[in-house]
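What follows is each chain in one-letter form.
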Amino acid sequence: MRNRILSRLIIIIFLLNITGFSGCAFVIDSFESGINSIKRVFHTNRTGTLDDKEYKWAKIAWQYFDNNYNKNTGLVNGKDGYQIATLWNMSDNIMALMAAYDLKIISEHEFEGKLSNQLRFLSNMQLCSNLLPNRTYNTVTGLMVDYSWNPGESGWDAVDIGRMLIVLKILAQKHSQYNEFIDKIVLRWDLCSAVDSDGNLLSSSKWNNSISAYQDGYIGTKEYISRGFQAWGYNVKKAGKFENFNKEIIFKKVLFVDGRDERLTKSINSLVSSHYLLDRIEFDNQNFGSIKEIDYLEIDDRYKIQTENIYKIQKMRFEIDKVMTARNTYQSNSEPFIIYNTIFGNGYTWNVLDPNGKYLKNKALISTQSVFSMWVLWDDYYTDELMNFMKNAFDPLSGWYEGRYESSSSFETTIVSSTNAVILESLWFKTNGRLYEQTDISNSYYLKSITSELSNKTGCIGKIRKISK
């Protein structure tokens, strides 16, 4: 066994040299020619049952969902004590429920009860323009809310929808008794309104009492989210490809960043860790070819290499600059409430920005969410260092904090659903391996229903990819 692993390592080192994965800028273009030789950079993730300390970590994360659960709607607050949830937050709840049940933190009775309540809400939720889930909902009333948190529409978010599509597929695979009900939930949604004829993702916003759609998704987000739409049969190849990008070199490693000019788009152009790490936890196979790729979930091969480099660059910053680093967008209880804590953002490395693009010098954070994801995906000394530093970043009665500040080591004590859900998901991955399974979707109830001659969504057929049996 040891000799076989050593042989593989030698082959990998050779392939890395000839295909330009060493990070040198002048050889990056040779990546394309060598990609078929190696699909994955070898590394070892953490596996096995949780020890007592890890089980305690999982129970603390679950405490958040227990505290913020609203029985009448089945929804969990997206932020501790705040009665607002997005579709992404609802995905957090479903993923946390599956993880907590599989890790034996909650009973089957609690799992079934809370999951049924969440699915009941999804089955009957108000839809924006009667097409797709609204951006935000009140977790107590279940009503759509606008940008001021008053009852009303605010548009839909293709990123949040894509995340929910991924989570619902994982739920259907892990708990097949819910397949029919999950398909019926998604059949209510007009997913074609979130996909254009070229395979891009479309979000919408409400301005001047009208809903306007626009192309959405930056590099690092759209590729991961495209998997959700592909899993349900949609042709979103455009969203799954790196296009209109720039190459940035950090510590001799190449990163692909979105090429759009933030001065023109008036939005934050940020490269963070979260979507890359979620993609690896949910879709990637770390058994070095012993299990087939999920062939119907096409994504740009550079995405996998980018994931590896994102980790290596943050590790190298610690080794070279002695700055412990695990970057991700995070939330705060005071203004600005959202902080873009980037690896590369708006033209600068390690940039930290508010939603208006203002530089926040002292707001750089070591993200708890990123630490847990990195720790489970890379079993090495650096993730041990990160976890040792972060292991007390929690309130035992409320859940895990957003992180610790790079400048002072003080805690950012805001507690949100996404961070606690990713912690549960990461620990679940440790015991389970890749969370998404290879499935045959050619005969799914959803696809048969939407492509039926009797369907009221026949206009969608042009956006459904060709499904092979």
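Structural data are supplied above this passage.
Residues numbered from 1 in each chain as written. Predicted model: local features only at pLDDT ≥ 70, side-chain atom pairs only at ≥ 80, totals over all residues. Heavy atoms only, no water.

Draft legend 1. View of the pairing of strand β8 (residues 201-207). With five of seven residues buried, β8 lies mostly within the body of the structure. Bridging between β8 and strand β9 (residues 210-216) involves seven bridges; their strand directions are antiparallel. Each residue of the ladder has a partner; that of Ser203, found in β9, is Tyr214. Counting the residues in the hairpin turn of β8 and β9 gives two residues, including Asn208, whose phi is positive at 55°. (Buried < 20%, exposed > 50% of the residue type's maximum accessible area, 1.4 Å probe, protein only. Helix = DSSP H or I, 4+ residues; strand = E, 2+ residues; numbered from the N terminus. Pairing = 2+ DSSP bridges.)

Draft legend 2. Representation of the sheet that holds strand β18 (residues 365-367). The sheet built from three strands is open, its strands ordered β18-β21-β22 with antiparallel pairing. Two strands lie at the open edges of the sheet, namely β18 and β22 (411-412), each paired on one side alone. Of the pairings in the sheet, the one linking strand β21 (residues 403-405) to β22 comprises two bridges and is antiparallel in character. Across the sheet, residue Arg404 finds its bridge partner in β22, namely Phe411. Most of the contacts of helix α12 (residues 368-377) go to β18, to which it runs at about 45°, and overall it touches β18 and β21. (Contact = heavy atoms within 4.5 Å. Axes fitted to C-alpha atoms, helices over the stretch in contact; angles between N-to-C directions.)

Draft legend 3. Focus on the pattern of salt bridges. Applying the stated criterion to the full structure yields 20 salt bridges. Asp66 is paired through a salt bridge with Lys114; the nearest N and O atoms lie 3.0 Å apart. Of the two residues, Asp66 sits in helix α3 (residues 52-67) while Lys114 sits in helix α5 (residues 108-124), which places them 48 residues apart along the sequence. Here Asp380 ties to Lys315 by a salt bridge, and the two come within 3.1 Å at their closest N and O atoms. Of this pair, Asp380 sits in the loop between α12 and α13 (381-390) while Lys315 sits in helix α11 (residues 302-321), and the two are 65 residues apart along the sequence. When sorted by exposure, Asp380 lands in the same class as Lys315, which is buried. Linked by salt bridges that have partners in common, Arg46, Asp379 and Asp384 make up one network. (Salt bridge = Lys/Arg side-chain N within 4 Å of Asp/Glu carboxyl O.)

Draft legend 4. Main features of unusual backbone geometry. Note the cis peptide between Glu335 and Pro336, where omega equals -10°. Although it is not a glycine, Asn244 adopts a positive phi angle of roughly 50°. Residue placement: Asn244 occurs in the loop between α8 (222-231) and β10 (245-250). One non-glycine residue, Lys252, lies in positive phi territory at about 65°. Mapped onto the elements, Lys252 comes out in the loop between β10 and β11 (253-258). The exposed category is assigned to Lys252, whose relative accessible area is 65%.

Draft legend 5. Just the environment of Ile464, in detail. Mapping Ile464 onto the fold places it in the segment after α15 (445-451). A residue is classified by how much of its surface remains accessible, and Ile464, at 14% relative accessible area, is buried. Separated by 14 residues in sequence, Ile464 and Ile450 place their C-alpha atoms 9.4 Å apart.

Draft legend 6. A look at the sheet that holds strand β15 (residues 344-345). Across the sheet, three strands lie side by side as β12-β15-β16; this open sheet has antiparallel pairing. Looking at the sheet topology across the chains shown, the edges are occupied by β12 (270-271) and β16 (348-349). Looking at chain direction, β15 and β16 are connected through two bridges and run antiparallel. The partner of Gly345 across the bridge, within β16, is Tyr348.

Draft legend 7. Summary view of the packing of aromatic side chains. Applying the stated criterion across every chain yields a total of 23 aromatic pairs. With a centroid separation of 5.5 Å and an interplanar angle of 55°, the aromatic rings of Phe242 and Phe256 are classed as tilted. Of this pair, Phe242 sits in the loop between α8 and β10 while Phe256 is found in strand β11, placing the two residues 14 residues apart along the sequence. Both residues of the pair, Phe242 and Phe256, count as buried. Between the aromatic rings of Tyr330 and Tyr405, the centroid separation amounts to 6.5 Å while the plane-to-plane angle is 75°, which identifies the pairing as edge-to-face. Here Tyr330, found in strand β13 (residues 330-331), pairs with Tyr405, found in strand β21; they are 75 residues apart in sequence, far enough to count as distant. (Phe/Tyr/Trp six-rings, centres within 6.5 Å; stacked < 30°, edge-to-face > 60°.)

Draft legend 8. Summary view of the side chain of Asp196. Tracing the backbone through its elements, the reader meets Asp196 in the loop between α7 (179-187) and β8. No salt bridge forms around the buried Asp196; measuring N to O, its nearest opposite-charge neighbour Lys463 is 6.8 Å away. There is a polar contact of 2.9 Å between the side chain of Asp196 and the backbone nitrogen of Asp198. A polar contact is formed between the side chain of Asp196 and the backbone nitrogen of Gly199, at a distance of 2.9 Å. Beyond its immediate sequence surroundings of up to four residues, Asp196 is in contact with Leu202 and Lys463. (Lys, Arg positive; Asp, Glu negative; His and termini not counted. Polar contact = N/O pair within 3.5 Å; in protein donor to acceptor, adjacent residues only side chain to side chain.)

Draft legend 9. Fine view of the packing of helix α10 (residues 274-283) against helix α14 (residues 417-432). Between α10 and α14, whose axes approach to 10 Å, the crossing angle comes to 40°. The chirality of how α10 crosses α14 is left-handed. Contacts between α10 and α14 involve Leu278, Arg280, Ile281 and Glu282 from the first element and Val422, Glu425, Ser426 and Phe429 from the second. Among the residues forming the contact of α10 with α14, the class breakdown is four nonpolar, one polar and three charged. (Left-handed = near helix turned anticlockwise from the far one by under 90°. Nonpolar A, V, L, I, M, F, W, Y, C, P; charged D, E, K, R; others polar.)

Draft legend 10. Representation of the environment of Asn138. Mapped onto the fold, Asn138 is located in strand β6 (residues 136-138). Considered as a pair, Asn138 and Asn150 are twelve residues apart in the sequence and their alpha carbons are 8.9 Å apart. Not counting residues within four places of it along the chain, the set of residues in contact with Asn138 comprises Leu75, Gln83, Ile84, Leu143 and Val145. Separated by 2.9 Å, the side chain of Asn138 and the backbone nitrogen of Thr141 make a polar contact.

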